[in-house]
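Spelled out from the first residue to the last, the chains are:
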Amino acid sequence: MAEGAVSGDEAARLAKAEAVVRHEFAQFQHVRGDEGRADCQDDWPTFRAMRLSQFLEWTPRLLASYADDLDVADATGRNLLTEKYARMMRSTAPERYARDIAPHLPPLSSTRVALQERIVATQVAWARDFRTRYPRLGAGMRVLTTSEDTADATSLETYLRGELGTYSTRTLRLYAELVDGVAAAGGNLTERAVARTAGYAGFADLEAAEEAQRG
């Protein structure tokens with residue numbers, strides 16, 4: 001659905017999701033890599049489209065829970081975007097992560113890690129299925145697995161671990177409910193999110209977006 005053609009309910013969800021995306025982007029401005037500020041930190045349109053495409057698939061309870069996570073982070077001096085990228089370094093820079101980063105991150109219980117890994121496995125499978133059916137669009141996505149990580153390219157699997165690791169326990173459980181529900185219904189969150197992103201870019205559907213990649 002194009003962004004301009006939304007129902008009243010969708011408009012309300014969009015407004016809530018917009019607020020969350022803006023909060024994330026505000027935290028994103030304080031993320032600092034080894035080489036300083038990244039170009040993507042100045043690319044609000046792309047950040048907005050990508051994150052909205054994800055959040056508009058969330059339930060209202062899940063979105064509200066994550067919005068609260070961001071508020072709590074602000075109140076306690078944490079930055080969830082910084083933590084997300086820091087957790088990714090467990091794969092991309094393991095020695096530095098163990099020495100300099102892990103001691104400063106909130107620890108994750110084995111039960112929580114198991115839940116995260118179940119979610120990650122489902123989402124990587126969705127992404128793999130999507131890439132099979134839409135190979136040109138898939139070619140522009142992250143590589144899929146941690147085994148493909150390099151110092152310059154982080155896989156979807158590693159990215160998901162980083163992001164899920166920043167959620168509160170409540171938000172993670174609600175997210176697991178979403179993923180399980182979509183999976184049980186035979187859906188695919190990757191396909192839904194990319195379809196929204198394609199709509200923001202002006203394409204009628206995924207098939208049109210895929211065809212446009214031929215050029």
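Please refer to the structure higher up on the page.
The text that follows walks through the structure, step by step, so that each part is easy to find. All figures in this text were calculated on a predicted structure; none of them were measured in a lab.

Procedures and definitions
Sequence positions are assigned chain by chain, starting from 1 and proceeding in written order. It should be noted that, the model being predicted, local features are given only for residues of pLDDT at least 70 and side-chain atom pairs only at 80 or more, the latter also being counted only at that level, while totals for whole chains, interfaces and linings use all residues. By convention in this description, side-chain values take in all heavy atoms of the structure and omit both hydrogens and water. Fitting a line to C-alpha atoms yields each axis, with helices limited to the stretch in contact; the angle taken between N-to-C directions then spans 0 to 180 degrees. For helices the rule is a DSSP run of H or I covering at least 4 residues; for strands it is a run of E covering at least 2, with both sets numbered from the N terminus onward. An angle below 35 degrees is read as roughly parallel, one above 145 as roughly antiparallel, one from 65 to 115 as roughly perpendicular, and any other as oblique. Crossings are assigned a handedness: left-handed for a near helix turned anticlockwise from the far helix by less than a right angle, right-handed for a clockwise turn. Only heavy atoms matter for contacts: two residues are in contact if any of them lie within 4.5 Å across the pair. All residues other than Ala, Val, Leu, Ile, Met, Phe, Trp, Tyr, Cys, Pro, Asp, Glu, Lys and Arg, Gly among them, are scored as polar; the first ten of these are nonpolar and the last four charged. Expected span of a helix, by definition, is 1.5 Å for each gap between consecutive residues, and there is one gap fewer than residues. Residues belong to a common nonpolar core when they are buried Ala, Val, Leu, Ile, Met, Phe, Trp, Tyr or Cys residues joined through side-chain atoms within 4.5 Å. Accessibility here uses a 1.4 Å probe with only protein chains present; expressed as a share of the type maximum, an area under 20% marks a residue as buried, one over 50% as exposed, and anything in between as partly exposed. Counting of polar contacts relies on pairs of N or O atoms within 3.5 Å, with two restrictions inside protein: one atom must be capable of donating a hydrogen and the other of accepting it, and residues adjacent in sequence are counted only when both atoms are side-chain atoms. Geometry of aromatic contacts follows a simple scheme: Phe, Tyr and Trp rings, the Trp one being its six-membered ring, pair when their centres are within 6.5 Å, and the pair is stacked under 30 degrees between planes, edge-to-face over 60, tilted otherwise.

**Some words on the packing of helix 2 (residues 44-55) against helix 10 (residues 189-200)**
Helix-helix packing: each pair is described by the crossing angle between the helix axes and the interaxial distance.
(1) Moving on: Running from N to C, helix 2 and helix 10 point in directions that differ by 135°, and their axes come no closer than 8 Å. When the axes of helix 2 and helix 10 are compared, the pair comes out oblique. In this structure, helix 2 crosses over helix 10, and the sense of that crossing is right-handed. Of helix 10, the residues touching helix 2 (which contributes A49, M50, L52, S53 and Q54) are A193, R196, T197 and Y200.
(2) Moving on: By residue class, the composition of the contact of helix 2 with helix 10 is five nonpolar, three polar and one charged.

**Let's talk about helix 3 (residues 60-75)**
Every α-helix carries 3.6 residues per turn, so stepping three or four residues along brings you back to the same face.
(1) Moving on: Taking 1.5 Å of rise per residue, 16 residues should cover 22 Å, and helix 3 covers 23 Å from first to last C-alpha, within 8% of that figure.
(2) Moving on: Looking at the packing, one finds that the buried side of helix 3 touches helix 1 (8-28), helix 2, helix 4 (80-92) and helix 9 (169-184).
(3) Moving on: Positioned one or two residues after helix 3, G77 has a phi angle of 80°, which is positive.

**A short note on the nonpolar core**
Nonpolar side chains tend toward joint burial in soluble globular proteins.
(1) Moving on: Counting 40 residues, the largest nonpolar core has F55, W58, Y66, I119 and Y175 as the members making the most contacts within it.
(2) Moving on: Among the elements that take part in this core, helix 9 stands out by supplying seven residues, more than any other.
(3) Moving on: What Y175 contacts, discounting residues up to four positions off in sequence, is W58, L62, I119, Q123, L164, Y167 and L189.
(4) Moving on: Grouped together as the second largest cluster of nonpolar side chains are six residues, F130, L137, A198 and L206 included.

**Looking at the side chain of S65**
(1) Moving on: Examined against the element boundaries, S65 turns out to sit in helix 3.
(2) Moving on: On the basis of relative accessibility, which here comes to 4%, the residue S65 falls in the buried class.
(3) Moving on: Reaching out from S65, the side chain makes a polar contact with the side chain of T171 at a distance of 2.6 Å.
(4) Moving on: Among all residues touching S65, those that are not within four sequence positions of it are S168, R170, T171 and L174.

**Describing the packing of aromatic side chains**
(1) Moving on: If you walk through the whole model with that rule in mind, you get 13 aromatic pairs.
(2) Moving on: Judged by centre distance (5.7 Å) and plane angle (70°), the rings of W58 and Y66 are edge-to-face.
(3) Moving on: Among the residues examined, W58 registers a relative accessible area of 3% and is labelled buried.
(4) Moving on: By relative accessible area, Y66 is classed as buried at 2%.

**A word on the environment of D74**
(1) Moving on: Its place among the elements puts D74 in helix 3.
(2) Moving on: Judged by relative accessible area, D74 falls into the partly exposed class, the value being 43%.
(3) Moving on: Spatially, the C-alpha atom of D74 lies 15 Å from that of V21, the residues being 53 residues apart in sequence.

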